[in-house]
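Now for the letters of each chain:
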Amino acid sequence: MIWPFPPRFHKQIARIEINGAIAAATRNRVLEALKTVEERGFPVLLLRIDSPGGTVGDSQEIYSALRRLQAKIKVVASFGNISASGGVY
């Protein structure tokens, strides 16, 4: 008799890196990555930040998207050598 064992499910952690100044290109890349994390159903996001900051609007949009995502999954931030202004926000 064959027992129907469920396939093994390996939970993975998503990782997004923010390096350098936060501007329009960085914002677009991060927002697209956050959308992918949500669609693929990762249980945890590790956000690695090494940034001196950036523009207010771009930092605010990333922050808002992270807050919405945080309602669904666990978000953990890790700071690199420099994290100031929008990087901390």
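What counts as what
Residues numbered from 1 in each chain as written. Predicted model: local features only at pLDDT ≥ 70, side-chain atom pairs only at ≥ 80, totals over all residues. Heavy atoms only, no water. Helix = DSSP H or I, 4+ residues; strand = E, 2+ residues; numbered from the N terminus. Contact = heavy atoms within 4.5 Å. Buried < 20%, exposed > 50% of the residue type's maximum accessible area, 1.4 Å probe, protein only. Pairing = 2+ DSSP bridges. Right-handed = clockwise from strand over helix to strand, strands pointing away. Salt bridge = Lys/Arg side-chain N within 4 Å of Asp/Glu carboxyl O.

**Q** Describe the side chain of Thr-26, with residues and values.
**A** Topologically, Thr-26 is positioned in helix 1 (residues 24–40). If we skip the residues at most four places from it in the chain, Thr-26 touches Ile-18 and Ala-21.

**Q** Would you mind going over the environment of Phe-42 in detail, with residue names and values included?
**A** Examined against the element boundaries, Phe-42 turns out to sit in the loop between helix 1 and strand 2 (44–51). Sequence-wise, Phe-42 and Ala-14 are 28 residues apart; in three dimensions their C-alpha atoms are separated by 6.3 Å. Dropping the residues within four chain positions of it, Phe-42 is found in contact with Gln-12, Ile-13, Ala-14, Val-37 and Ile-73.

**Q** Any chance you could break down the pairing of strand 1 (residues 13–19) for me, citing the residues and the numbers?
**A** A regular strand places its side chains on the two faces of the sheet in alternate fashion. Side chains of strand 1 alternate between two faces, with Ala-14, Ile-16 and Ile-18 buried and Ile-13, Arg-15, Glu-17 and Asn-19 left unburied. Two strands pair when backbone bridges link them, and strand 1 and strand 2 are joined in this way by 7 bridges, in the parallel orientation. Paired with Arg-15 across the strands is Leu-46, a residue of strand 2. Read as a crossover between parallel neighbours, the route from strand 1 over helix 1 to strand 2 is right-handed.

**Q** Tell me about the pattern of salt bridges, and please be specific about residues and values.
**A** Scanning all chains against the criterion turns up 4 salt bridges. With a closest N to O distance of 2.6 Å, Arg-27 and Asp-58 form a salt bridge. Within this pair, whereas Arg-27 is found in helix 1, its partner Asp-58 is found in helix 2 (residues 56–70), the two being separated by 31 residues in sequence. One network of salt bridges, with partners in common, ties together Arg-27, Asp-58 and Glu-61.

Fair warning: the whole summary comes from geometry, so function is off the table for now.
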